[in-house]
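Here is how the chains run, residue by residue.
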There are 2 protein chains.
Amino acid sequence: MRNKQVIFRDFVAKGAFPKESDMEVTESTIELTSALAEGSRGVLVKNLYLSCDPYMRGRMRKLTDPAESYIPSFQPGSPVTGLGVARVLESGHPNFKKGDLVWGPTGWEEYSLLPAPETCFKIEHTDVPLSYYTGLLGMPGLTAYAGFIELCSPKKGETVFISAASGAVGQLVGQLAKLFGCYVVGSAGSKEKVDLLKNKLGFDEAFNYKEESNLDAALKRYFPEGIDIYFENVGGKTLDAVLLNMKLHGRIAVCGMISQYNLEQPESVHNLMQLIKKRVRMEGFNVIDYYHLYPKFLEMVLPPTKEGRIVYIEDTVEGLESGPAALVRLFSGHNVGKQVVLVARE
Amino acid sequence: MRNKQVIFRDFVAKGAFPKESDMEVTESTIELTSALAEGSRGVLVKNLYLSCDPYMRGRMRKLTDPAESYIPSFQPGSPVTGLGVARVLESGHPNFKKGDLVWGPTGWEEYSLLPAPETCFKIEHTDVPLSYYTGLLGMPGLTAYAGFIELCSPKKGETVFISAASGAVGQLVGQLAKLFGCYVVGSAGSKEKVDLLKNKLGFDEAFNYKEESNLDAALKRYFPEGIDIYFENVGGKTLDAVLLNMKLHGRIAVCGMISQYNLEQPESVHNLMQLIKKRVRMEGFNVIDYYHLYPKFLEMVLPPTKEGRIVYIEDTVEGLESGPAALVRLFSGHNVGKQVVLVARE
């Protein structure tokens, strides 16, 4: 069968932004029955939605030492891989049967043969948009939950700041914070995003960091008493300004530092002495340590999602051909909300 | 009665090292009976040992906003204040009686009237050197315990790095780490200190950071598999190099950043992305949050101290006249071990 693919062409140099031309769309073929080959426990899936995530920048690097990263790099000449939502077409694995919907690691192509499908979650609830399993109800959602709930233990009345707040993770952090009775402010990079944060996502306040010449002053404006919880998605100057505004016993969940991923040298941070002065905890985390909490997470997020008390903004492009541009947009910040590639409507 | 005092003359500018001449030794008088004045719950004490501690640099600053710091600045024209060991001469407080030994906040003078002695601990165990209550068995010891045991939860076999390792706090962190079965490396600023770490304090390895042109390479030499726990006393370049060498799920207890206290602008740190990559927790703390654990701490540290399994190096100067120089030495790193001022032998 014909199988359109997004091929990763070559490694992206340190300090460079990824470009569309680092990938190319080609056509290959795939054998429909290969999942059922003798002894295989693989599944053949039809990809429906693919997820564009910031961590994928790390997979475009050439690693001199594989221990440098917790995930392997993409293979030049092979399809880009990432998370997605897919329908099982053939299964050699006892846990999956034809027709099942799954989300998990897959390829940027129409059909994928997944040799170890146990890394996928079966989708049990289909009365929500399926694409949500690339975002709100998938890895980014669990990331928000782990970083905000597990690491920061929010309490009613606490003040919460979220950078990249309209992104795939930030949107949910803010809405969880509101459910917990916190005061929530988000930063984002355009007026459109700021408006969405305030008018659609229920943030108490939001600002465009590009319009603030003094981030410290901006934070003091929104947090005259300081910040209890900072959900860190960007790093660099924002982090440095936040450190000056943390409250006593504040907590910083370090989820990502997207402003730093395409720099040759990371920006410097000067205000770490504030960690001592304010006795602040700052913790890096990775969702891969929290997948065992996925059922608990769904239990918290699914009901308010169905009731419309949690909403989710997606930025969806159609067709694999649009995939490379969509992935690249993530690093320019031109996406509005979770960046998704719709591969097939079935 | 005559009362020799160390007077704080004036605030020390930002970015300047404190000098002996920022203080002066004068003579005043004190009324022996004032502690017993009508309604007073104060005590009059004879100071025996005074403690020189890095946090005292912060008290030499002129604060424009008192909220800038958790402790008030010294008063120009008034005695330096700090922690010390003292004998109660007169008491108006029900918990203290004449002859009691205490440690806690006192003045840099021969005799002090302490209006709120409940901030002092009564010394119950006198079969150890009394001066230890300024260090090993006092605030620095509890600091080591809180940061290492409470924040870092060390496990047998883990690797531990300690900067300013021969200092008042570092010495005990290293010895606690050895008691827990960890591999321990310390850094310090002279050959003499390095020798003490290895030969007297039982560290597995130690190095002189001034002789390492590449701290990252030095750490890789001692920690080829990385660092599980870093006890941070210095900040700046050392922290940046440590971040590159942390192990997965490493912990950094941020106790102090003495290399930064006398700089106009703090040094920059570039490697915070490692917090995400290695999922590292970095936590600032202050011993004032842990005084309730003092009995638990003593229970752990007192027996091995009496048995000689924990030792402690002090750098003692005699007489209040030597106090200013002793305090200043702390910031040049010329002290070897805990810096103590012996005021009176009784």
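This structure is a prediction, so every number in the text was calculated from the model and none was measured.

Engineer: What is the right way to look at the overall build of chain A in this model?
Structural biologist: Helices and strands together make up the secondary structure of chain A, namely eight helices and 15 strands. Radius of gyration (C-alpha) of chain A: 20 Å, near the 20 Å computed for a compact globule of 346 residues. On the principal axes, the C-alpha backbone points of chain A span a range of 65 × 45 × 35 Å. Taking all contacts inside chain A whose residues are at least 6 apart in sequence as the whole, residues at least 24 apart take part in 69%.

Engineer: How should I be thinking about the side chain of Gln274(A) in this particular structure?
Structural biologist: Within the element layout of this structure, Gln274(A) appears in helix α6 (residues 273–277). Discounting residues that sit within four places of it in the chain, Gln274(A) has contacts with Leu243(A), Leu244(A), Arg279(A) and Val280(A).

Engineer: It is not clear to me how the packing of aromatic side chains should be interpreted in this structure. Could you clarify?
Structural biologist: Aromatic ring pairs: the centre-centre distance and the angle between the two ring planes describe each pair. Residue and element names in this part refer to chain A. This structure, assessed with the given rule, holds 36 aromatic pairs over all chains. Between Phe161 and Phe223, the ring centres sit 6.0 Å apart and the planes meet at 75°, which makes this aromatic pair edge-to-face. A residue pair is termed long-range when its members are at least 10 positions apart, and Phe161 in strand β8 (residues 159–162) and Phe223 in the loop between α4 (215–222) and β11 (227–232) qualify at 62 residues. For the pair Phe161 and Phe223, a shared accessibility class is recorded, and that class is buried. Through successive ring pairs, a cluster of aromatic residues spans Trp103, Phe121, Tyr145, Tyr291, Tyr294 and Phe297. The ring of Phe96 carries the charged tip of Lys122 above its face, separated from the ring centre by 5.7 Å.

Engineer: Can you walk me through the sheet that holds strand β10 (residues 205–208) of chain A in this structure?
Structural biologist: Sheet strands associate in pairs through backbone hydrogen bonding, adopting either a parallel or an antiparallel arrangement. Judged by pairing direction, the sheet is mixed, and its twelve strands sit side by side in the order β10(A)-β9(A)-β8(A)-β11(A)-β12(A)-β13(A)-β13(B)-β12(B)-β11(B)-β8(B)-β9(B)-β10(B) without closing on themselves. The two strands at the open ends of the sheet, each matched to only one other strand, are β10 of chain A together with β10 (205–208) of chain B. Put simply, the sheet's adjacent strands are angled 15° from each other on average, direction ignored. Note that β11(A) and strand β12 (residues 246–254) of chain A share five bridges and pair parallel. Counted as the bridge partner of Tyr230(A) is Ile252(A) from β12(A). Packing against the sheet, α4(A) makes contact with β8, β9 (183–188), β10 and β11 of chain A, and its axis sits at approximately 165° to β10(A). Lying over the sheet, helix α1 (residues 139–152) of chain B contacts β8 (159–162), β11 (227–232), β12 (246–254) and β13 (281–284) of chain B, oriented at roughly 150° with respect to β11(B).

Engineer: What is the right way to look at the interface of chain A and chain B in this model?
Structural biologist: It is common to report an interface's size as the accessible area lost on association of the parts. At the interface, 31 residues of chain A touch 31 residues of chain B. Across the interface of chain A and chain B, roughly 2,700 Å² is buried in total on both sides, 64% from carbon and sulfur atoms. Looking only at chain A, the three residues that lose the most surface to chain B are Met273(A), Ile276(A) and Arg279(A), adding up to 24% of its buried area. At the junction of chain A with chain B, the criterion picks out two salt bridges. With a shortest N-O distance of 2.7 Å, Arg279(B) and Asp289(A) are connected by a salt bridge.

Engineer: Just to check I follow, could you spell out the domain arrangement of chain A for this structure?
Structural biologist: All names here are of chain A. Domains assigned within chain A are domain 1 (2–135 + 313–342) and domain 2 (139–288). Spacing between the C-alpha centres of domain 1 and domain 2 amounts to 28 Å. In this complex, domain 1 contributes 22 residues to the contact, which on the side of domain 2 involves 18 residues. Interface area for domain 1 against domain 2, summed over the two sides, is near 1,600 Å², with a carbon-plus-sulfur share of 61%.

Engineer: Got a minute to help me understand the pattern of salt bridges in this structure?
Structural biologist: As a working rule, side chains carrying opposite charge can pair if their charged atoms are close by. Residue and element names in this part refer to chain B. Taken as a whole and judged by the stated rule, the model has 43 salt bridges over all chains. Taking the shortest distance from any N to any O, the salt bridge between Asp53 and Lys338 comes out at 2.9 Å. Here Asp53, found in the loop between β3 (43–51) and β4 (81–91), pairs with Lys338, found in strand β15 (residues 338–342); they are 285 residues apart in sequence, far enough to count as distant. Exposure class is identical for Asp53 and Lys338. Each is buried.

Engineer: Is there a simple way to think about the packing of helix α4 (residues 215–222) of chain B against helix α5 (residues 236–243) of chain B in this case?
Structural biologist: Angle between the axes and distance between the axes are the two parameters that describe a pair of packed helices. All names here are of chain B. Viewed as axis vectors pointing N to C, α4 and α5 meet at an angle of 50°, and their least axial separation amounts to 9 Å. As the angle between them shows, α4 and α5 are arranged oblique. Judged by the twist between their axes, the crossing of α4 over α5 is right-handed. Of α5, the residues touching α4 (which contributes Leu215, Asp216 and Leu219) are Lys237, Thr238, Ala241 and Val242.

Engineer: Help me understand the environment of Met257(A), please; the structure alone is not making it clear to me.
Structural biologist: Inspection of the secondary structure puts Met257(A) in the loop between β12 and α6. Residue Met257(A) is classed as buried on the basis of its relative accessible area, which comes to 3%. Distance in space between the C-alpha atoms of Met257(A) and Pro54(A) is 9.3 Å, their sequence separation being 203 residues. Not counting residues up to four positions away in its chain, the partners in contact with Met257(A) are Glu232(A), Asn233(A), Val234(A), Gly235(A), Leu239(A), Leu272(B), Met273(B) and Ile276(B).

Engineer: How should the relation of the copies chain A and chain B be read in this particular structure?
Structural biologist: Two copies of the chain are present, and they differ by a rotation about an axis and a shift along that axis. Overlay of chain A on chain B (RMSD 0.0 Å): rotation 180°, translation along the axis 0.0 Å. Such a combination of turn and shift is consistent with a two-fold rotation axis. When the interface residues of chain A are mapped onto chain B, 100% of them are again interface residues, pointing to one common binding face.

Engineer: Where do I start with α1(B) in this structure?
Structural biologist: An α-helical turn contains 3.6 residues, so any two residues separated by three or four positions project in the same direction. All names here are of chain B. Over its 14 residues, α1 extends 18 Å from the first C-alpha to the last, a length consistent with the 20 Å expected when each residue adds 1.5 Å. In terms of residue burial, α1 counts as a mostly covered element, since 13 of its 14 residues are buried. Phi turns positive, to about 40°, at Ser153, one or two residues after α1.

Engineer: Help me out: how do you make sense of the side chain of Ser112(A) in this one?
Structural biologist: Residue and element names in this part refer to chain A. Structurally, Ser112 is set in strand β6 (residues 111–114). Here the side chain of Ser112 touches Thr106 through a polar contact of 3.3 Å, side chain to side chain. In terms of polar contacts, Ser112 uses its side chain to reach the backbone amide nitrogen of Gly107, at 3.3 Å. Those residues in contact with Ser112 that lie beyond four places of it in its chain are Ile30, Val43, Leu44, Val45, Asn47, Thr106 and Gly107.

Engineer: How should I be thinking about the pairing of strand β9 (residues 183–188) of chain B in this particular structure?
Structural biologist: All names here are of chain B. Counting buried residues in β9 gives five out of six residues, a clear majority hidden from the surface. In terms of strand pairing, β8 meets β9 through four bridges, oriented parallel. Bridging from a neighbouring strand, Val160 pairs with Val184 of β9. Running through helix α2 (residues 170–179), the crossover from β8 to the neighbouring parallel element β9 is right-handed. Pairing of β9 with β10 involves four bridges; the strand directions are parallel. Looking at β10, one finds that Ser187 is bridged to Phe207. Read from β9 through helix α3 (residues 191–199) to β10, the crossover connection turns out right-handed.

Engineer: Explain the state of the cysteines here, please?
Structural biologist: Residues and elements named next belong to chain B. Counting across every chain of the model gives zero disulfides over all chains. Here Cys120 is not cross-linked by a disulfide; its sulfur's nearest cysteine counterpart is in Cys52, at 18 Å. Note on Cys182: no disulfide assigned, nearest cysteine sulfur contributed by Cys152 at a separation of 9.9 Å.

Conventions used here
Residues numbered from 1 in each chain as written. Chains lettered and ligands numbered in written order. Predicted model: local features only at pLDDT ≥ 70, side-chain atom pairs only at ≥ 80, totals over all residues. Heavy atoms only, no water. Helix = DSSP H or I, 4+ residues; strand = E, 2+ residues; numbered from the N terminus. Rg over C-alpha atoms; globule rule 2.2 N^0.38 Å. Contact = heavy atoms within 4.5 Å. Phe/Tyr/Trp six-rings, centres within 6.5 Å; stacked < 30°, edge-to-face > 60°. Buried < 20%, exposed > 50% of the residue type's maximum accessible area, 1.4 Å probe, protein only. Lys NZ or Arg CZ within 6 Å of the ring centre and 35° of its normal. Pairing = 2+ DSSP bridges. Axes fitted to C-alpha atoms, helices over the stretch in contact; angles between N-to-C directions. Buried area = accessible area lost by both parts, 1.4 Å probe. Salt bridge = Lys/Arg side-chain N within 4 Å of Asp/Glu carboxyl O. Domains from an automatic or database assignment. Parallel < 35°, antiparallel > 145°, perpendicular 65-115°, else oblique. Left-handed = near helix turned anticlockwise from the far one by under 90°. Least-squares fit on C-alpha atoms with pLDDT ≥ 70 in both. Expected span 1.5 Å × (residues − 1). Polar contact = N/O pair within 3.5 Å; in protein donor to acceptor, adjacent residues only side chain to side chain. Right-handed = clockwise from strand over helix to strand, strands pointing away. Disulfide = S-S within 2.5 Å.

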